[in-house]
Amino acid sequence: MNVPLLDVENLSVTFGGQTAAVRNISFSVNREETHCLVGESGCGKSATALAIMNLLASNGRRSARRLTLDGQDLLGMNERAIARIRGDRMAMIFQEPMTSLNPAYTIGSQMIEVLRRHKGASRRAAVDRAIELMGRVGITAPEMRIAQFPHQLSGGLRQRVMIAMALMCEPQLLIADEPTTALDVTVQAQILRLLAKLKKDFGLAILLITHDLGIVARVADRVSVMYAGELVESAPTQELFDSPQHPYTRGLLSCVPVPQKLRRGEPLGNIPGTVPQIAPGYAGCAFRSRCTFANESCAADIPRRLATPRHDFLCTRLPEVMMGASVA
Amino acid sequence: MSANPAIEIRHARREFRVKSGLFDTARRVVAVDDVSSSIPAGSVFGIVGESGCGKSTLARLILGLLAPTSGETLVDGKRILDLDRRDRARLIQPVFQDPFASLNPRQRIADIVALPLTAQGTLTKPEIDRRTAEILERVGISLVLAGRHPAELSGGQRQRVAIARALILRPRVVVCDEPTSALDVSVQAQIVNLLAELRRDFGLTYIVISHNLAVVEHIADVVAVMYLGRFVEIGETDQLFRNPRHPYTQALLESVLTPEPGLGVPDVGLGDIMPDPANIPPGCRFHPRCRIAVDRCRVEAPIPKFPSERSMVECHLAS
């Protein structure tokens, strides 16, 4: 096996010492791989992304045993060194492009700034690169668009601009945090197709953060499910959908109506209760208050277990309970 | 069907005048363009379409929150704009997308829910309290929360509160505009299930507007597909999802990403031209994005065809 491009080991994030947003998670992303982090609001998926980029809010603290990009340690780096890598070798796009673009500058001037700052490129070279990339992400008439302001573009076009901007310096890693959530389904499909194409064309590693299991199923090579700051299950995509292990993963999959599988009018599956608040030092399985299989063993530390060599999960009760249930 | 539909929309049209700059001449935007339909009592009518297609404007016309430029909308056989606010509130109620924005942050949950009843001015305080407690319990909000403020509730709980407020007057029709779009998947399922239960128990008629086709498919009896201000296709849900007739409906359905791994992301072939309601194309309004458009589509607007009693399609090429 080759060395993963992004390697995260035992990453934790706390805010103000009160909230444990991310708890001891480990995962990696390979070149030309899309790794999806999936979970509901507050599960820590965005905090994970921001911790990798070292963009946490000022009251946020990260700690990890290992955080490397292409073998290079990101933990010990000072802010100047990180700033050189950020936007250059790893780039990030966000949910709402309107809030990430500066409304007072043309999109062209925002795009070329990236290249001029990181690579010291000439203005002419930067403009050429911007126009080329806008074409590659499917923006028609880039020479005209480059002089426009963000508000003159549709939501789909703005997100394409964000993607083109992220690619200006040919990053190795692209982190996309809910990149299509604000878009219509038709535009969403176009943007996701674009990301899949760019992954191949540029050999990108993509860390895609989403709450949408439909997106996960269609674009991910590997999926990690987050719940209350932990990675409760991680597997290759097909395997996760075919044989989910963790009760939370099972619950989440049952909540989504799959056409032709569920009769209309039948209630959807759901997960009763709400996500608990997790303070540092929390012990046991965070899902146990909502889990139908929970017993007293779930209050103790949960060991990570393997379902197959590439599929692991955090639950002591399964699969024994499920095997019992299927017999009954 | 019944002689007296719950909702009737007759040639409803709504224009807005939009100025994009100080010295700009106002442009005319036709948000809803000659829409007609009739919704039987007790059914669920879904409206789907992309943002900007006019579905929320149509919802506001039906609710009587906005006057049509021409045409009319009727609830229970009465023109909605002829009714006074109290009567209107007893007939039709909204549930909006964002329960963070639709609930007054300074009021207690119990007061928010009781407001429609209080505003009617016909009941005593103890009776209002009794009915408020009853409806809160029915939507699954524990009475412990009744004295709290919206900020103390989760998104799902807030949407339950919005539903309780909509139902406390026992209206005939509830208009749900993106009722689950701001919610997490697990909570979304809870709300969809709750809406389905309440409809059965209270004999409600729903209009459900959503860009989430899976949710609409799951709860609607009849679905209308809206494009640039018009219904381009209407059909019974199973029929429409299994056998879409309009090329736009087909593209919309293809672009839904169901959780089925290995299928990849489809190329729906809609191109990069986004629909602009201020600049509606001549002929068929969908032709610039249509995969199968022919010359006729560019010059001649299609007239509605009715392939069966409860279906309609506006396309020259649909059979």
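Every chain's residues receive numbers from 1 upward, in the order its sequence appears when written. For naming, the first written chain is A and the first written ligand is 1, with later ones following in the order written. Residue-level local features of this predicted model are given only where pLDDT is at least 70; pairs of side-chain atoms are given and counted only at 80 or more, and the full residue set underlies all totals for whole chains, interfaces and linings.

1. Topic: the overall build of chain A
Going along the chain from the N terminus, every DSSP run of H or I of four or more residues is numbered as a helix, and every run of E of two or more is numbered as a strand. Along chain A, the regular secondary structure elements total twelve helices and 13 strands. The C-alpha atoms of chain A give a radius of gyration of 21 Å, which matches the 20 Å a tight globule of 328 residues would have. Projecting the C-alpha coordinates of chain A onto the three principal axes gives extents of approximately 70 × 50 × 40 Å. For the exposure call, what matters is how many other C-beta atoms sit within 10 Å of a residue's own: 20 or more marks it buried, 12 or fewer exposed, and in between partly exposed, using C-beta atoms placed from the backbone. Here chain A, with 328 residues, has 46% of them falling under the buried criterion. Once C-beta atoms have been placed from the backbone, residue pairs whose C-beta atoms lie within 7 Å are recorded as contacts. Taking all contacts inside chain A whose residues are at least 6 apart in sequence as the whole, residues at least 24 apart take part in 64%. Radius of gyration: C-alpha atoms only; globule rule: 2.2 Å multiplied by the number of residues to the exponent 0.38.

2. Some details on unusual backbone geometry
With phi around 50 degrees, Glu178(A) is a residue other than glycine that occupies positive phi space. When you line up the elements, Glu178(A) lands in the loop between strand 8 (173–177) and helix 8 (185–202). By C-beta crowding, Glu178(A) is classed as partly exposed, having 19 other C-beta atoms within 10 Å. The residue Leu228(B) is not glycine, and still its phi comes out positive at about 45 degrees. Mapped onto the elements of the fold, Leu228(B) is located in the loop between strand 9 (222–227) and strand 10 (230–236).

3. As for the domain arrangement of chain A
All names here are of chain A. You can read the domains of chain A as domain 1 (6–89 + 171–327) and domain 2 (99–170). If you look at the interface, domain 1 gives 13 residues, while domain 2 gives twelve residues. Classifying every residue of the side of domain 1 that touches domain 2 by side-chain character gives ten nonpolar, two polar and one charged. Segmentation of the chain into domains, including their bounds, is taken from an automatic or database domain assignment. We call Asp, Glu, Lys and Arg charged. Ala, Val, Leu, Ile, Met, Phe, Trp, Tyr, Cys and Pro are nonpolar, and the rest, Gly among them, are polar.

4. Observations concerning the interface of chain A and chain B
Listed as interface residues are 39 residues of chain A and, on the opposing side, 37 residues of chain B. Listing elements by their share of the side of chain A that touches chain B, those giving two or more residues are helix 8, helix 9 (213–219), helix 10 (237–242) and helix 11 (247–255) of chain A. Within the side of chain A that touches chain B, the residues separate by chemical class into 19 nonpolar, 15 polar and five charged.

5. Points about the nonpolar core
Core membership is restricted to buried Ala, Val, Leu, Ile, Met, Phe, Trp, Tyr and Cys residues, and these are joined into a nonpolar core through C-beta atoms within 7 Å. Leu173(A), Leu207(A), Val113(B), Ala164(B), Ile207(B) and Val225(B) are the most contacted members of the largest nonpolar core, which has 189 residues in total. Ranked by residues supplied to this core, first place goes to helix 6 (residues 185–202) of chain B with eight residues. Counting the residues that make up this core, at least three belong to each of domain 1 (6–89 + 171–327) and domain 2 (99–170) of chain A. Every residue in contact with Ala164(B), bar those within four places of it in the chain, is listed here: Val113(B), Ile135(B), Leu136(B), Val139(B) and Ile141(B).

6. Remarks on the environment of Leu83(B)
All names here are of chain B. Residue placement: Leu-83 occurs in the loop between strand 5 (78–79) and helix 2 (85–91). Using a count of 17 C-beta atoms within 10 Å as the deciding quantity, one classes Leu-83 as partly exposed. For the pair Leu-83 and Gly-64, spaced 19 residues apart in sequence, the C-alpha separation works out to 9.1 Å. Non-local contacts of Leu-83, meaning those with residues more than four positions away in its chain, are made with Lys-78 and Arg-88.

7. Some remarks on the confidence of the model for chain B
Per-residue confidence for chain B gives a mean pLDDT of 91; residues scoring 70 or more make up 97%. Reported confidences for the modelled complex are a pTM of 0.86 and an ipTM of 0.80. Note on scores: pLDDT gives the predictor's confidence for each residue, bounded by 0 and 100.

8. Remarks on the packing of helix 5 (residues 155–167) of chain B against helix 6 of chain B
Packed helices, taken two at a time, are described by the angle their axes make and the gap between the axes. All names here are of chain B. Where helix 5 contacts helix 6, the axes come no closer than 10 Å and their chain directions differ by 20 degrees. Viewed along their axes, helix 5 and helix 6 adopt a mutual orientation that is roughly parallel. Remark: the crossing between helix 5 and helix 6 carries right-handed chirality. In this structure, helix 5 contributes Gly-155, Gly-156, Gln-159, Arg-160, Ile-163 and Leu-167 to the contact, and helix 6 contributes Val-187, Gln-190, Ile-191, Leu-194, Leu-198 and Phe-202. Across the contact of helix 5 with helix 6, the residue classes break down as seven nonpolar, four polar and one charged. Fitted lines through C-alpha atoms serve as axes, helices being fitted only where they are in contact, and the angles separating the N-to-C directions of these axes extend from 0 to 180 degrees. Orientation categories follow fixed angle ranges, with anything under 35 degrees roughly parallel, anything over 145 roughly antiparallel, 65 to 115 roughly perpendicular, and all other angles oblique. Helix crossings are classified by the rotation of the near helix relative to the far one: an anticlockwise turn of less than a right angle makes the crossing left-handed, while a clockwise turn makes it right-handed.

9. A look at helix 3 (residues 109–120) of chain B
All names here are of chain B. By the burial criterion, the buried members of helix 3 are Ile-109, Ala-110, Ile-112, Val-113, Ala-114 and Leu-117. Against helix 4 (125–138) and helix 5 lie the buried residues of helix 3. In the stretch just after helix 3, Gly-121 is the one whose phi turns positive, near 70 degrees.

10. Digging into the pairing of strand 1 (residues 6–15) of chain A
All names here are of chain A. The pairing criterion for strands is at least two bridges between them, as found by DSSP. The pairing of strand 1 with strand 5 (residues 66–69) spans four bridges and is classified as antiparallel. In the strand pairing of strand 5, Glu-9 is matched with Arg-66. Taken together, the seven bridges between strand 1 and strand 2 (residues 19–29) define a ladder with antiparallel strand orientation. Looking across to strand 2, one finds that Phe-15 is bridged to Thr-19. The hairpin formed by strand 1 and strand 2 contains three residues between the paired strands, and Gly-16 there has a positive phi angle of roughly 55 degrees. Sheet analysis places strand 1 next to strand 4 (residues 60–63), joined by four bridges and oriented antiparallel. If you follow Val-13 over to strand 4, its bridge partner there is Arg-62.

11. Digging into helix 4 of chain B
All names here are of chain B. Working rule for helices: expected span equals 1.5 Å times residues minus one. The end-to-end C-alpha distance of helix 4, which contains 14 residues, comes to 20 Å, matching closely the 20 Å that a straight helix rising 1.5 Å per residue would cover. Of all the residues in helix 4, the buried ones are Thr-132, Ile-135 and Leu-136. Projected down its long axis, helix 4 carries its buried residues within an arc of 100 degrees, all on one side. What points out from helix 4, more than 90 degrees from its buried face, is the exposed set Pro-126, Glu-127, Arg-130 and Glu-134. Those residues of helix 4 that are buried lie in contact with helix 3 and helix 5. The arc in question is formed by the directions pointing from the helix axis toward the C-beta atoms.

12. Topic: the sheet that holds strand 4 (residues 70–75) of chain B
Residue and element names in this part refer to chain B. An order of 2-1-4-5 is seen for the four strands of this open sheet, with the pairing classed as antiparallel. Two strands in the sheet have a free side with no partner beyond their single neighbour: strand 2 (27–39) and strand 5. Examined bridge by bridge, strand 4 and strand 5 share two bridges and lie antiparallel to one another. Each bridged residue has a counterpart across the sheet, and for Val-75 the counterpart in strand 5 is Lys-78.

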